[in-house]
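As a plain string of letters, each chain reads:
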Amino acid sequence: MRFIEKIIPYIPLLTKGLGITLELTILSAFFGFIGAIFLVIGMLYGNRFFKILSTGFVTLIRGTPMMVQLFLIYFGLPGIDIRLSPLTASIIAFIINSSAYQAEYLKGGFLAISKEQLEASYSIGLNKWKTIQYIIFPQALRFAIPALSNEIVYLIQYTSVAYTIGLPELFYISKNFASKTYMNIEIYVFIGIVYLILIYIVTRATEIIQKKFYIPGFDLSHLK
Amino acid sequence: MADELLKVESIEKSFGKQKVLDGVSFILNKGEVKVIVGPSGTGKSTLLRCINLLNPPDKGKIYLQNKEITSLKHTLVPAVRQKIGMVFQHFALFNHLTAIDNVALGLLKVRKMNKTDAYKKAIDELNRVGLADHKDKYPAQLSGGQKQRVGIARALAMDPLLILFDEPTSALDPELIGEVLAVMQALAKDGMTMICVTHEMGFAKSVANEVIFMEKGKIIEQGLPEELFSNAKNPRTREFLSKISQLYGETGHK
């Protein structure tokens, strides 16, 4: 097989590309999640200032294309003398983008908790922050697991957009390979399978996490 | 019975343009059980929510142990709520916590008890409502009556000065009402101070010191249960009480 012959010397590069894809995905998902917690608390429980700030931020980020945000950070910031490497620019852009989306997913989970449970929490003397911490958050997170898993699946695939600013992630390397060998079908089928495997792993991991944190009454599997 | 615990002084509450409470006043003594009845939308639940400051009143004052609680700084409100237990119509258990964790949460996070003591007290309270065997079940695994008893145990755990019951049995299947009322009756006999919004006439007759009939945000009539049920002065009170006695029966659940 000519393809195997050609791809073997590319394995180290592809592995590196895979590493960058995973690094970008994991960092964006993790720090995006941290950011999302602050955003959702700002949106739902903040004072007027934080409410407007966080809601405005989420609206802005979800309302503009990811590519625009990425290009603004990578090509725009040098205009005010901030020069970032493709990797740093991508990480920042994806964290910002993902935090806005994850905030919306979490918001759905937060709002799913009945008002009576909050009143019950206040009635035994817990204050607002303790109620968020002990009552709302553990439940909201369980409700949000499927959506958050979806965000990771999306990130794995969508980080390929970073090839446009020259980040040598998995897709960039494949494109490079294709332009040198003209084996478009082979490489894109191959790389498609690699993405598929990654996403299969995430899906399985989500199922395991859901099982681990399973609580009677939070089972959404009957909706399948 | 002159040991005044709670005084509600001409409180008013509106939601938008609708006035839900229009000058309600009463005094609750220690160990007293008051039952509040009245048509729906009359402000009974709002009255309870005003008392534990979930919906603070717009006007009027509430005193707990002779201290005004309606003008407190919001940081001091949780400490007051801790002293006023509340049992909800739809139970309002924390769905992600087991029965015992529902009861222990306030002890751990509000009263900062250590784990051993908190769980020991929590199991005592579950015992009191007859649910110690179900301590590790989640709310979704309990029947309505069991959920409500956990709700009562959760309120009891905080050693409240009084407990507010907001239609505790109205969301229950008829055959489950008895077990909840039995627990409430036992509490009343133990001397717990209670305000119950309920239409369970049997309960009112057996333990209430006073029945209050409310309509359109006002107290229309109040008195001893036997007086009110057999001999109400106000025609509206008579009409309403005869309707609910047809619906719920005279004897109630023992």
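Residues numbered from 1 in each chain as written. Chains lettered and ligands numbered in written order. Predicted model: local features only at pLDDT ≥ 70, side-chain atom pairs only at ≥ 80, totals over all residues.

Colleague: I'm lost on the overall build of chain A in this one. Help?
Modeller: The helix and strand inventory of chain A stands at 9 helices and 0 strands. Taken from the N to the C terminus, the helices and strands of chain A come in the order α-α-α-α-α-α-α-α-α. Each of the three principal axes of chain A carries a C-alpha extent, and together these read 70 × 50 × 25 Å. Counting across all 224 residues of chain A, residues that qualify as buried make up 34%. Counting contacts in chain A only where the partners sit at least 6 residues apart, residues at least 24 apart contribute 74% of the total. (Helix = DSSP H or I, 4+ residues; strand = E, 2+ residues; numbered from the N terminus. Buried ≥ 20, exposed ≤ 12 C-beta atoms within 10 Å, placed from the backbone. Contact = placed C-beta atoms within 7 Å.)

Colleague: Honestly, the overall build of chain B in this entry has me stumped. Any pointers?
Modeller: On a plain count of helices and strands, chain B comes out with 9 helices and 10 strands. For chain B, whose C-alpha radius of gyration is 18 Å, the value lies close to the compact-globule estimate of 18 Å for 254 residues. Each of the three principal axes of chain B carries a C-alpha extent, and together these read 55 × 45 × 35 Å. Taking all 254 residues of chain B together, 49% fall into the buried category. Long-range contacts, defined here as pairs at least 24 residues apart, represent 66% of the contacts in chain B between residues at least 6 apart. (Rg over C-alpha atoms; globule rule 2.2 N^0.38 Å.)

Colleague: Any chance you could explain the interface of chain A and chain B here in plain terms?
Modeller: Think of interface size as the accessible area that goes away when the parts come together; that is how it is often given. The interface is formed by 19 residues belonging to chain A together with 23 residues belonging to chain B. Elements with a contribution of two residues or more to the side of chain A that touches chain B: helix 6 (115-123) and helix 7 (128-158) of chain A. In terms of residue class, the side of chain A that touches chain B is built from 9 nonpolar, 6 polar and 4 charged. (Nonpolar A, V, L, I, M, F, W, Y, C, P; charged D, E, K, R; others polar.)

Colleague: Quick question: what am I supposed to make of the environment of Met 183 of chain A here?
Modeller: If you trace the backbone, Met 183 of chain A turns up in the loop between helix 8 (170-181) and helix 9 (184-212). Contacts of Met 183 of chain A, omitting those with residues within four sequence positions, involve Phe 3, Lys 6 and Ala 178 of chain A.

Colleague: So what exactly am I meant to see when it comes to the pairing of strand 4 (residues 59-64) of chain B here?
Modeller: Looking down a regular strand, the side chains alternate between one sheet face and the other. Residue and element names in this part refer to chain B. Pairing analysis gives 5 bridges linking strand 1 (residues 4-15) to strand 4, with the strands arranged antiparallel. Across the sheet, the residue bridging to Glu 9 is Lys 61, located in strand 4. Direction of pairing for strand 4 relative to strand 5 (residues 67-68): antiparallel, over a ladder of 2 bridges. Residue pairing across strands places Leu 64 opposite Lys 67, the latter belonging to strand 5. Here strand 4 folds back onto strand 5, and the loop between the two strands holds 2 residues, one of which, Gln 65, carries a positive phi near 50°. (Pairing = 2+ DSSP bridges.)

Colleague: Help me out: how do you make sense of the nonpolar core in this one?
Modeller: A general tendency of soluble globular proteins is for nonpolar side chains to be buried together. With 131 residues, the main nonpolar core has Val 103, Ala 153 and Met 194 of chain B as its most contacted residues. Per element, the largest residue contribution to this core is 12 residues, and it comes from helix 5 (residues 86-111) of chain A. Setting aside chain neighbours within four positions, we find Val 103 of chain B in contact with Ala 122, Glu 125, Leu 126, Val 150, Ala 153, Arg 154 and Ala 157 of chain B. (Core = buried A, V, L, I, M, F, W, Y, C linked by C-beta atoms within 7 Å.)

Colleague: I'm lost on the sheet that holds strand 4 of chain B in this one. Help?
Modeller: Strand-to-strand pairing in sheets goes through backbone hydrogen bonds, with the strands running parallel or antiparallel. Residues and elements named next belong to chain B. Within the open sheet, the 4 strands sit side by side as 2-1-4-5. Their pairing is antiparallel. The open sheet has two edge strands with one neighbour each: strand 2 (18-29) and strand 5. Relative to the sheet, helix 1 (residues 44-51) contacts strand 1, strand 2 and strand 4, its axis offset from that of strand 2 by approximately 60°. (Axes fitted to C-alpha atoms, helices over the stretch in contact; angles between N-to-C directions.)

Colleague: Help me understand the environment of Arg 2 of chain A in this model?
Modeller: Within the secondary structure, Arg 2 of chain A sits in helix 1 (residues 2-7). Separated by 181 residues in the primary sequence, Arg 2 of chain A and Met 183 of chain A have C-alpha atoms spaced 9.6 Å apart.

Colleague: Just checking my understanding: could you explain the confidence of the model for chain B for this structure?
Modeller: Low-pLDDT portions of the prediction should not be read for the details of their coordinates. Chain-level pLDDT for chain B is 91 on average; 97% of the residues reach the 70-or-more range. Interface confidence for the predicted complex, expressed as ipTM, amounts to 0.91; the pTM equals 0.86. (pLDDT = per-residue confidence, 0-100.)

Colleague: Is there a simple way to explain helix 7 of chain A in this structure?
Modeller: Residues three or four positions apart in an α-helix share a direction because the helix packs 3.6 residues into each turn. Under the 1.5 Å per step criterion, the end-to-end length of helix 7 of chain A is only 37 Å for 31 residues, more than 12% shorter than the ideal 45 Å. Approximately 50° is the largest bend angle found in helix 7 of chain A, and it occurs at Ile 145 of chain A, with the proline Pro 146 of chain A only one to four residues beyond. (Expected span 1.5 Å × (residues − 1). Bend = angle between axes of the 7 residues up to and from the residue.)

Colleague: What is the right way to look at the confidence of the model for chain A in this model?
Modeller: Considering every residue of chain A, the mean pLDDT works out to 91; 97% of them sit at 70 or more. Averaged pLDDT values for the elements of chain A fall to 83 in helix 1 of chain A and rise to 96 in helix 3 (residues 48-63) of chain A.

Colleague: Help me out: how do you make sense of the sheet that holds strand 9 (residues 210-215) of chain B in this one?
Modeller: All names here are of chain B. Strand order in this open sheet of 6 strands is 6-7-8-3-9-10, and the pairing throughout is mixed. Edge positions in the open sheet fall to strand 6 (84-87) and strand 10 (218-223), since each of these has one partner strand only. Within the sheet, the average angular offset between the axes of one strand and its neighbour, ignoring direction, is 20°. In this structure, strand 9 lies alongside strand 10, joined through 5 bridges in antiparallel fashion. The residue of strand 10 that forms the bridge with Phe 213 is Glu 221.

Colleague: Which parts of the structure should I look at to understand unusual backbone geometry?
Modeller: Backbone phi values are negative for most residues with the exception of glycine, while trans is the configuration of most peptide bonds. Residue and element names in this part refer to chain B. Backbone geometry places Ala 92, a non-glycine residue, at a positive phi of 55°. Structurally, the position occupied by Ala 92 is in the loop between strand 6 and helix 3 (99-109). For Glu 167, which is not glycine, the phi dihedral falls at a positive 45°. Mapped onto the fold, Glu 167 is located in the loop between strand 7 (162-166) and helix 6 (174-189). Looking at Glu 167, the number of C-beta atoms within 10 Å reads 21, which means it is buried.

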